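Here is how the chains run, residue by residue.
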Amino acid sequence: MNHPATETIDVRLGDRSYQVVVGTALLDSLGERMARLNLGTFCAVVTDSNVAGLYADRVMKSLIASNFKPTLVTVPAGEQSKGFVQVKKICDAMIEAGLDRKAFVITLGGGVVGDLAGFAASIYYRGVPYVQVPTTIVSQVDSAVGGKTGINAIGGKNLIGSFHQPRLVLADVATLRTLPEREFNEGFAEVIKHAIIRDTELFARIARLDRGNLTPLIARNVAIKAAIVAADEHETTGERALLNFGHTIGHGIEAAAGYGRYLHGEAISLGIVAACLISQKHAGLSTADHEKIVALLRQFELPMKLPEDISTESILAALKTDKKFSEGKIRFVLTPAIGSAFLSDKVTLEDIRQAIEALR
Ligand code: NAD
Ligand code: GLY
């Protein structure tokens, strides 16, 4: 088979720098690549119940062939796994397998597994290294890069977590071929987000997507994220916060709907539509750009209408516990035109309420 070229993107973070390798047929090279990182011998491969049957065997074989001693830990698939119960399960399994501070973790799966097992790695023996092997669009373009790990709390999304940068990210785009259509499409909410905040050329490229050659598209998204993370690793200057475009209301909807009802990207699609409405009011976003964004979300069959049974009040309640709320004030990401974004403190709860109502 003729595989398109592999692309490597550097995430430049001083002594925490690492590479993101994007291409096809990469899974079987994991062991070899791990050997070059000089980590320990013992590791946990954490995956979920859908991905285990598809790819765990290849990953385990590749690691064993390079003399690693991996233990497989499988959590139930889905957002409900992103909590303390599964953190404990992962840590207990690692202790039972005799893994100590020299061990490391490999996350194999989507953003749920990456966030969850990355968080477990950040607290196990006060922190062991980990490597991300993302297998969804969301995780390859976004969650596996940048070191944000975490779990959900009753009050909201990702409220408990850490910054813990991986040592390597191996994004094998061939794994995306087994993604069900709904899971494939949801990933494009984050891709469209990157285009809206940074890249008009990417915006145009998404519309003429080549599913047979996803490497350049994934790599471009990784490059956008890597540059933002390198500029503002701990989200202190406001630059990294731009990645939250569509996420304030999107996270509120995801939590209010009950984790698992919407896939992450689907809730973010609704959040993007609402953020565009507020951007028209407070940032001068043109109707033409707004319509282009909606058309692109529609191309991936992403939701744009909010069902009546998810009340505006329940979304607002979830949103108030969001990390982007601080001392009653919200930092909201707006776009004045496709390709750029900025942080605003002018957006009121009433603006948000109206934008949610407009989704009905
Ligand atoms: P997910 O991990 O739940 O994966 C979606 C579904 O696809 C799951 O059922 C999974 O089992 C299945 N799956 C995964 N890979 C597959 C494959 N190759 N073939 C077939 N099925 C496969 O969800 P996701 O959308 O990947 O990630 C969403 C999570 O990522 C959310 O929890 C979100 O908060 C988080 N996130 C984190 C960051 C960050 O910076 N840390 C950024 C964006 C999103
Ligand atoms: N996904 C948002 C961030 O990594 O900052």
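Please refer to the structure placed before this passage.
Values in this document were obtained by computation on a predicted structure and should not be read as measured data. (Residues numbered from 1 in each chain as written. Chains lettered and ligands numbered in written order. Predicted model: local features only at pLDDT ≥ 70, side-chain atom pairs only at ≥ 80, totals over all residues. Heavy atoms only, no water.)

## A closer look at empty space enclosed by the protein
Taking a probe equal in size to a water molecule and rolling it over the atoms shows the remaining empty space. Basically, it comes down to this: The distinction between a cavity and a pocket rests on a 1 Å grid over the protein atoms alone: a 1.4 Å probe fits inside a cavity but cannot get out, while a pocket stays open yet meets protein on both sides within 12 Å along at least five of seven lines, and a residue with an atom within 4 Å of a point counts as lining. Grid points are joined across faces, edges and corners, and a volume is the space filled by probe spheres set on the points. Think of it this way: any DSSP run of H or I at least four residues long counts as a helix, any run of E at least two long counts as a strand, and we number them from the N terminus. Polar here means any residue other than Ala, Val, Leu, Ile, Met, Phe, Trp, Tyr, Cys and Pro, which are nonpolar, and Asp, Glu, Lys and Arg, which are charged; Gly is therefore polar.
Scanning the entire structure with this criterion turns up one cavity of 30 Å³ or more. Taken together, Gly156, Lys157, Leu159, His251, Gly252, Ala318, Leu319, Thr321 and Asp322 make up the full set of residues lining the largest cavity. For the lining of the largest cavity, the elements supplying multiple residues, two or more each, are β8 (156–163), α9 (247–257) and α12 (312–320). Here the lining of the largest cavity is composed, by residue class, of three nonpolar, four polar and two charged.

## A short note on the sheet that holds strand β4 (residues 69–75)
Keep this limit in mind: Two strands qualify as a pair provided DSSP detects at least 2 bridges between them. The axes are straight lines fitted to the C-alpha atoms, using for helices just the contacting stretch, and the angles between their N-to-C directions are given from 0 to 180°. Residues count as neighbours in contact if any of their non-hydrogen atoms are within 4.5 Å of one another.
Here we have seven strands laid out as an open sheet, ordered β1-β2-β9-β6-β5-β3-β4, and mixed in their pairing. A strand with exactly one partner marks an edge of an open sheet, and here the two such strands are β1 (7–11) and β4. Neighbour-to-neighbour, the strand axes of the sheet open up by a mean angle of 15°, direction not taken into account. Where strand β5 (residues 104–109) and strand β6 (residues 130–134) come together, five bridges link them in parallel fashion. Note that in β6 the partner of Leu108 across the bridge is Val133. Helix-sheet contacts for helix α2 (residues 52–65) involve β3 (42–48), β4, β5 and β9 (168–172), and the interaxial angle to β4 is about 165°. In this fold helix α8 (residues 215–231) packs onto β1 and β2 (18–23), with an angle of close to 10° to the strand it touches most, β1.

## Describing the environment of Ile224
Short version of the rule: Remark: exposure states derive from per-residue accessible area (1.4 Å probe, protein chains only) relative to the maximum for the residue type, with buried under 20%, exposed over 50%, and partly exposed in between.
Here Ile224 shows up in helix α8. Here Ile224 falls in the buried class, since its relative accessible area comes to 4%. In this structure, the C-alpha to C-alpha distance between Ile224 and Leu243, residues 19 residues apart in sequence, is 10.0 Å. Residue contacts for Ile224: discarding those within four places in its chain leaves His194, Arg198, Asp199 and Leu202.

## Observations concerning the pattern of salt bridges
Which entries qualify depends on this criterion: Salt bridges are defined by distance alone: a side-chain nitrogen of Lys or Arg within 4 Å of a carboxyl oxygen of Asp or Glu.
On inspection of all chains with the given rule, the structure shows 28 salt bridges. As a salt-bridge pair, Arg182 and Glu266 come within 2.6 Å of each other at their nearest N and O atoms. On the criterion of sequence distance, the pair formed by Arg182 in helix α6 (residues 181–198) and Glu266 in helix α10 (residues 264–282) is long-range, its members being 84 residues apart. Given a relative accessible area of 9%, Glu266 falls into the buried group. Its salt-bridge partner being Arg360, residue Glu357 comes within 3.7 Å of it at the nearest N-O pair. Here the residues in one salt-bridge network are Glu79, Lys82, Asp115, Lys157 and Glu254, joined through shared partners.

## Quick look at unusual backbone geometry
One can expect most non-glycine residues to show negative phi and most peptide bonds to be in trans. If you check the backbone angles, Asn38 has positive phi at about 55° while not being a glycine. Within the secondary structure, Asn38 is located in the loop between α1 (30–35) and β3. With a relative accessible area of 68%, Asn38 lands in the exposed category. Located in the positive-phi region is Glu301, a residue other than glycine, with phi close to 55°. On the secondary structure map, Glu301 appears in the loop between α11 (287–299) and α12.

## Observations concerning the site of ligand 1
Filter applied, for reference: Each residue is tested against the molecule or strand, and it is near if at least one of its non-hydrogen atoms lies within 4 Å. As used in this structure description, the phrase polar contact means that two N or O atoms lie within 3.5 Å; if the pair is within protein, one of them must be able to donate a hydrogen and the other to accept it, and residues adjacent in sequence are counted only when both atoms belong to side chains. With residues, only the protein chains shown are counted as cover, and all accessible areas are computed by Shrake-Rupley using a 1.4 Å probe.
As a structural note, the neighbourhood of ligand 1 is formed by 29 residues, with Asp48, Glu79, Thr136, Lys157 and Glu186 the closest of them. Residue Glu186 places a side-chain N or O atom 2.5 Å away from an oxygen atom belonging to ligand 1. Out of a free accessible area of 860 Å², ligand 1 has 93% covered by protein chains. Elements with a contribution of two residues or more to the shell around ligand 1: α2, α4 (111–123), α5 (137–143), β8 and α6. In terms of residue class, the shell around ligand 1 is made up of eight nonpolar, 10 polar and 11 charged.

## Considerations on the state of the cysteines
Note: disulfide means a covalent bond formed between the sulfur atoms of two cysteine side chains. For clarity, the cut-off: Any cysteine sulfur atom paired with another within 2.5 Å is treated as part of a disulfide.
Under the criterion given, the structure shown has zero disulfides. Not part of a disulfide, Cys91 finds its nearest cysteine sulfur in Cys43, a span of 15 Å.

## Considerations on the site of ligand 2
Ligand 2 sits among Asp142, Lys148, Lys225, Glu235, Arg240 and Leu243. Note that a nitrogen atom of ligand 2 is positioned 3.2 Å from one of the side-chain N or O atoms of Asp142. Taking Lys225, its side chain carries an N or O atom lying 2.6 Å from an oxygen atom of ligand 2. Taken by itself ligand 2 offers 200 Å² of open surface, and the protein chains cover 88% of this. Its residues assigned to classes, the shell around ligand 2 shows one nonpolar, no polar and five charged.

## Observations regarding the pairing of β6
Taken across its five residues, β6 has five buried, putting it largely inside the fold. Here β6 shows no split at all, with Tyr130, Gln132 and Pro134 on one side and Val131 and Val133 on the other all buried. Where β6 lies against β9, two bridges are found, and the strand directions are parallel. Following the sheet pairing, Val131 is matched in β9 by Leu168.

Take it as geometry only, folks, not as evidence of what the structure does.
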